[in-house]
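Architecture and fold: a report
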Amino acid sequence: MAFTRRKTLTQWLPLIALAAACGVSSAQAQDHYPSKPIRVVVPYPAGGGTDTIARLIGVQLSQRLGQPVVVENKPGASGILGNDTVAKAPGDGYTVLMGITTVVQIPALYKKVPYKLSDLTPVSQVAKSADLLMVPRSSGVTTLEQFVQKAKATPGTFNYGSYGNATSSHMNGERFKQKAGIDLTHIPYQGSGPEMAAMLGGQLTLAFVDATAAYPHIKSDKVNILAITGAQRHPALPQVPTMTEAGYPGLEANGWFGMFLPASTPKAIVDKLGTEVASIVKSPELNKRLTEMGLIPVGSLPDEFKAQIDKDAAHWKAVVEAAKISMD
């Protein structure tokens, strides 16, 4: 029996030594993170809001971590190309995704996606956005209930604009139609800029416009803002009720910008990067810049962002299924 125990222990020693060596190596890698440049993948073209935020954070992140932070734009397939790049990258903390709400919407919109949502691990929710529901001031409509009554009185004569098919504004528009029991024709635009221009030009009777695009026009005498999507009122528009407060619940989900790492990344690295990003977002400089963009700064830690991701994924899946929206 004694011989058998000694033999078993002898057989296990190489494996024990290997496991210990790997543990030390992994711990050392985390302790020295980062030791080389970090790549931040933006799944959209340069110059947009996601790109701008990534570069603002990248500058401060580089200063704090002592390593270059390089932003790489990989647009394509509604963000899928860039998301997939990070999902399949090594889990060493050197490939980061600056994503937006579509990260959790894509699985519900497409039957075939080259990665799973679980292939990405949340790092920090940087900022929240929302859609402003507005009408031309010339319509004389000042409340959401007034618009609903007019739409019911003359069904089929009103439209609503969105900043693109299968975007949050499209989903919010379809959700609102269902909740209000009204018939609206959907008019998608190639982005919030053209959509906002159409609203200012009187070409739309209603529009869900992203707050970042609407922000320069919130005091315009050409539009009335009736409500806002999301769970809270916008700090710059305290007088504008949420959709829930206006009597139409079910549009409480906010749009957002957030950072992710590959799911295989060690928790110590995820937590370290999350702490740094959260601190940067809450710094006076970046807080001000995000607010000026019409956003609500957040700066959450990984576990907090993970809880939000789970909640939002369930919400958007339900909206997509109810409205029968598909990109396949």
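Per an unreviewed UniProt entry, the chain is named ABC transporter substrate-binding protein, and its organism is Acidovorax carolinensis. Recorded in UniProt under Sequence similarities (unreviewed entry), the annotation for the chain is "Belongs to the UPF0065 (bug) family."

Along the polypeptide, Pro136 turns up in strand 5 (residues 131-136). Assessed through its relative accessible area of 9%, Pro136 is described here as buried. The spacing of Pro136 and Asn224 is 88 residues in sequence and 6.1 Å in space, taken between C-alpha atoms. Not counting residues within four places of it along the chain, the set of residues in contact with Pro136 comprises Met199, Leu204, Thr205, Lys222 and Val223.

What follows covers the domain arrangement of the chain. Per the domain assignment, the segments making up the chain are domain 1 (38-128 + 254-323) and domain 2 (131-246). Between the C-alpha centres of domain 1 and domain 2 there is a distance of 27 Å. Across the contact, 16 residues belong to domain 1 and 16 residues belong to domain 2. At the boundary of domain 1 and domain 2, one finds zero salt bridges.

In regions of low pLDDT, the predicted coordinates are not meant to be interpreted in detail. Residues with a pLDDT of 70 or more make up 91% of the chain, whose mean pLDDT is 91. For the stretch residues 1-7, pLDDT sits under 50, and the model shows zero contacts to residues farther than four places along the chain or on other chains.

Let us now look at the packing of helix 6 (residues 168-180) against helix 11 (residues 302-323). Two elements in contact, helix 6 and helix 11, have axes separated by 10 Å at closest approach and are oriented at 65°. Seen from above, helix 6 lies across helix 11 with left-handed handedness. On helix 11, the residues that touch Ser168, Met171, Asn172, Glu174, Arg175 and Gln178 of helix 6 are Trp316, Val319, Val320, Ala322 and Ala323. For the contact of helix 6 with helix 11, the class distribution of residues is six nonpolar, three polar and two charged.

A few words on the pattern of salt bridges. Using the criterion set out here, one finds 10 salt bridges in the structure. For the salt bridge of Arg233 with Glu245, the shortest nitrogen-to-oxygen distance reads 2.8 Å. Here the residue Arg233 occupies a position in the loop between strand 9 (223-228) and strand 10 (255-262), and Glu245 occupies one in the loop between strand 9 and strand 10, the gap between them amounting to 12 residues. In this structure, a network of salt bridges that share partners links the residues Arg39, Glu72 and Lys74.

For the rest of this paragraph, the subject is the packing of aromatic side chains. Under the definition given, this model contains eight aromatic pairs. Each ring, one from Phe176 and one from Tyr248, has its centre 5.5 Å from the other, and the planes form 85°; the classification is edge-to-face. You can see Phe176 sitting in helix 6 and its partner Tyr248 sitting in the loop between strand 9 and strand 10, a full 72 residues away along the chain. Overall, Tyr248 belongs to the buried group, its relative accessible area being 8%.

What follows deals with the nonpolar core. Within the largest apolar cluster, 32 residues are counted, with the highest numbers of intra-cluster contacts made by Met98, Val126, Met259 and Leu273. Those elements giving two or more residues to this core turn out to be strand 1 (38-42), helix 2 (49-65), strand 2 (69-73), strand 3 (95-100), strand 4 (120-129), strand 10, helix 9 (267-281) and helix 10 (284-292). Setting aside chain neighbours within four positions, we find Met259 in contact with Val40, Ile57, Val96, Leu97, Met98, Thr121, Pro122, Val123, Ser124, Val126, Val277 and Phe305. Counting residues in each nonpolar core, the second largest holds 25 residues, with Val86, Leu120, Ala166 and Trp316 among its members.

Taken in spatial order, the six strands make up an open sheet running 2-1-3-10-4-11, and their pairing is mixed. Of all strands in the sheet, those bounded by a partner on one side alone are strand 2 and strand 11 (296-297). Of the pairings in the sheet, the one linking strand 1 to strand 3 comprises three bridges and is parallel in character. Bridged to Val40 within strand 3 is Val96. In this fold helix 4 (residues 102-109) packs onto strand 3, strand 4 and strand 10, with an angle of close to 75° to the strand it touches most, strand 3.

Okay, the pairing of strand 1 next. The element strand 1 is extensively covered by neighbouring structure, given that four of its five residues are classed as buried. Looking at chain direction, strand 1 and strand 2 are connected through five bridges and run parallel. Bridge pairing links Val40 to Val71 in strand 2. Each parallel crossover has a hand, and the one from strand 1 via helix 2 to strand 2 is right-handed.

Now for the environment of Ser279. With respect to the element layout, Ser279 can be found in helix 9. Along the backbone, Ser279 and Gly299 are 20 residues apart, and their C-alpha atoms lie at a distance of 6.9 Å. Within the structure, Ser279 has its side chain in polar contact with the side chain of Arg64 (distance 3.0 Å).

Our next topic: unusual backbone geometry. The amide bond that connects Tyr33 to the next residue, Pro34, takes the cis arrangement and shows omega of -5°. For Pro34, the location among the structural elements is in the loop between helix 1 (2-31) and strand 1. In this model, Ser78 sits at a positive phi of 60°, which is unusual for a non-glycine residue. Mapping Ser78 onto the fold places it in the loop between strand 2 and helix 3 (80-87). You can call Ser78 partly exposed: its relative accessible area is 41%.

The rules behind these values
- Residues numbered from 1 in each chain as written.
- Predicted model: local features only at pLDDT ≥ 70, side-chain atom pairs only at ≥ 80, totals over all residues.
- Heavy atoms only, no water.
- UniProt positions renumbered as here; feature names shortened; annotations may be inferred.
- Helix = DSSP H or I, 4+ residues; strand = E, 2+ residues; numbered from the N terminus.
- Buried < 20%, exposed > 50% of the residue type's maximum accessible area, 1.4 Å probe, protein only.
- Contact = heavy atoms within 4.5 Å.
- Domains from an automatic or database assignment.
- Salt bridge = Lys/Arg side-chain N within 4 Å of Asp/Glu carboxyl O.
- pLDDT = per-residue confidence, 0-100.
- Axes fitted to C-alpha atoms, helices over the stretch in contact; angles between N-to-C directions.
- Left-handed = near helix turned anticlockwise from the far one by under 90°.
- Nonpolar A, V, L, I, M, F, W, Y, C, P; charged D, E, K, R; others polar.
- Phe/Tyr/Trp six-rings, centres within 6.5 Å; stacked < 30°, edge-to-face > 60°.
- Core = buried A, V, L, I, M, F, W, Y, C linked by side-chain atoms within 4.5 Å.
- Pairing = 2+ DSSP bridges.
- Right-handed = clockwise from strand over helix to strand, strands pointing away.
- Polar contact = N/O pair within 3.5 Å; in protein donor to acceptor, adjacent residues only side chain to side chain.

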